[in-house]
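Residue-level structural notes
Spelled out, the chains give:
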Amino acid sequence: MKKGEQLVSAEGIHVQWSGRLILEGVDLSVTAGEIVTLIGPNGAGKTTLVRIVLGLLRPDRGSVWQRPKLRIGYMPQRLQLSENMPLTVRRFLRLIPRVHLSGFDKVIREMGITHLLDNPMQSLSGGEHQRVLLARALMRAPDLLVLDEPVQGVDVAGQAELYRHIGRIRDFYGCGVLMVSHDLHLVMATTDQVMCINHHVCCVGHPESVSQHPAYLELFGRPVDDGLAFYTHRHDHICDEHDAVTEVGSGYVDG
Amino acid sequence: MDEFILRAAAAGVGVVLVAAPLGSFVVWRRMAYFGDTLAHSALLGVALGFLLDVNLHLAVVLIAALISLCLLALQRYRLLADDTLLGILAHSSLSVGLVVIAFQESLRVDLLGYLFGDILAVTPTDLWWIWGGGLLVGAALTAVWRPLLAITVHEELAQVEGVRVTLVRLVFMLMISLVIAISMKIVGVLLISSMMIIPAAAARHFSSTPEQMSLIAALVGALAVVAGLGASWYWDTPAGPSIVTASAVLFALSHLRSAAR
């Protein structure tokens, strides 16, 4: 896999659900070695777009292209496992078809979850749970990693650590990464491209460098290397729906 | 001991050996109410079986499979909340079944037997159905075990990893339909789903893997059948409800043990 090789692309994606427009004319592409972060308010269509890229959902209009024989490692949002299901971490990781055992040991060491293997899935903390999910995505030696809110339910220190892991994975495997972020302003520092969507693409750009941002310095008191960056939105048009969502008051959006 | 009680035990054990492992999946997938709905629809299958003069087991399997397909389709269009939909289907199919039976005047049907089971009247032909159907379900369950576990944990993750989710779900529904058909005679349509979920729930505290839980559930179920039949023999209580009561007692005991730990 060459750096910069096109892995997936979606063009002019339209999705409608019982009369409501979910996505309108959205373009997206991810190349090998690139990290793309999707941000946007709740209900903006981020997860729908991800499901289209994964091939789980067909858009009403628009086209999706995947490189032939593309292997996707998918990390869904937190699992909702029944308390009645006895399932250890090891068993969860082995549920995937066709895993090579050598790859298994390597991935669990990399993700630092060796000591968790015999614990029940339901007993994991937020950060442990996400590391285990990421490990499962890595088991397939993916060309493209798709991460749906990977740092959900993880404290700030854990978020930075998880982002560092993801950065290292990208550097090591040279895979493309498409992730959804739950935060409108705080994204992974090494993100190459941030896409803000709210049914349509509002803006696209680079995250600001972390170390220079005064708010970051105030928060952490020391520069760089924690893996988080601020994203400053530069909308070149008025995002009507964006504002409408603000009024409805998710309390989540202020940009 | 009389031959009929041995036949009853063979029938009951044959049913729970597959109903309990399958029931573990029903519990993990939070589909207890779904199983109940399919079980209720079995009475409609019985009614149509009489009406069209086809084998009752076959009619029940077909109707249950049809209802589960309807449910899949309705869920896809998100017409109603799932539990509402299940409630509507469960009770309307049960009622339609009762009405259809009432219309067939020439027919003398032992309704109580179908509603609560008539395990002591199990015939050798019934035994063939139970063990044949049970073996079929056992083989199918073994074949789809891993993909079924994978979609139980997360359907979309499994799909991205290459599991044929729709096919596996379909097989799962067909297995449940078949189990309902063969267990109707044992505990009756109103109690069938209890033979799936109570042994599984009782096994939870003693197991640390899905396989363990299914095997222990099968053992608990078999124990409940023997205990229930024994109680029915000594105290002349209705056999089906006695079996369910026995499994409920075993479930309560399993909780005592986990509380003591």
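A brief report on the enclosed structure follows. (Residues numbered from 1 in each chain as written. Chains lettered and ligands numbered in written order. Predicted model: local features only at pLDDT ≥ 70, side-chain atom pairs only at ≥ 80, totals over all residues.)

Side note on the interface of chain B and chain A
Condition: Residues are scored as being in contact if the C-beta atoms we place from backbone atoms lie within 7 Å. Secondary structure elements are defined from DSSP: runs of H or I of at least 4 residues count as helices, runs of E of at least 2 residues count as strands, and each element is numbered from the N terminus. Under the scheme applied, nonpolar residues are Ala, Val, Leu, Ile, Met, Phe, Trp, Tyr, Cys and Pro; charged residues are Asp, Glu, Lys and Arg; polar residues are all the others, including Gly.
Listed as interface residues are 22 residues of chain B and, on the opposing side, 19 residues of chain A. Secondary structure elements with two or more residues in the side of chain B that touches chain A: helix 1 (3–28), helix 6 (124–153), helix 7 (155–160) and helix 10 (210–235) of chain B. Considered class by class, the residues forming the side of chain B that touches chain A number 10 nonpolar, 7 polar and 5 charged.

Comments concerning the sheet that holds strand 4 (residues 61–66) of chain A
Residues and elements named next belong to chain A. To keep things clear, this is the line we draw: At least two bridges found by DSSP between two strands are what make those strands a pair. The convention used is that axes are lines fitted to C-alpha atoms, helices contributing only their stretch in contact, and that angles between N-to-C directions extend from 0 to 180 degrees.
In spatial order, the strands read 2-1-4; together these 3 strands make up an open sheet with antiparallel pairing. Each edge of the open sheet is held by one strand with a lone partner, namely strand 2 (20–31) and strand 4. Strand-to-strand twist in this sheet, taken as the mean axis angle between neighbours without regard to direction, amounts to 15°. Bridge count between strand 1 (residues 6–17) and strand 2: 8 bridges; the pairing is antiparallel. Each bridged residue has a counterpart across the sheet, and for Val-8 the counterpart in strand 2 is Val-30.

Quick word on helix 9 (residues 192–203) of chain B
Here is the rule: Our exposure labels follow a C-beta count within 10 Å of each residue's own C-beta, placed from the backbone: buried means 20 or more other C-beta atoms, exposed means 12 or fewer, and partly exposed covers the counts in between.
The buried fraction of helix 9 of chain B is high, at 12 of 12 residues. Three or more residues of helix 9 of chain B are buried, namely B:Ile192, B:Ser193, B:Ser194, B:Met195, B:Met196, B:Ile197, B:Ile198, B:Pro199, B:Ala200, B:Ala201, B:Ala202 and B:Ala203.

Let's talk about the environment of B:Leu149
Tracing the backbone shows B:Leu149 in helix 6. Classification of B:Leu149 by C-beta neighbours within 10 Å gives buried; the count is 22. Each C-alpha atom, one on B:Leu149 and one on B:Pro210, is 8.5 Å from the other, the two residues being 61 residues apart in sequence. Look past the residues within four positions of B:Leu149 in its chain and what remains in contact with it is A:Leu95 and B:Pro210.

Structural notes on the pairing of strand 10 (residues 200–205) of chain A
All names here are of chain A. Here 5 bridges tie strand 9 (residues 193–198) to strand 10, and the two strands are oriented antiparallel to one another. Directly across from Met-195, in strand 10, lies its bridge partner Val-204. Counting the residues in the hairpin turn of strand 9 and strand 10 gives 1 residue, including His-199, whose phi is positive at 70°.

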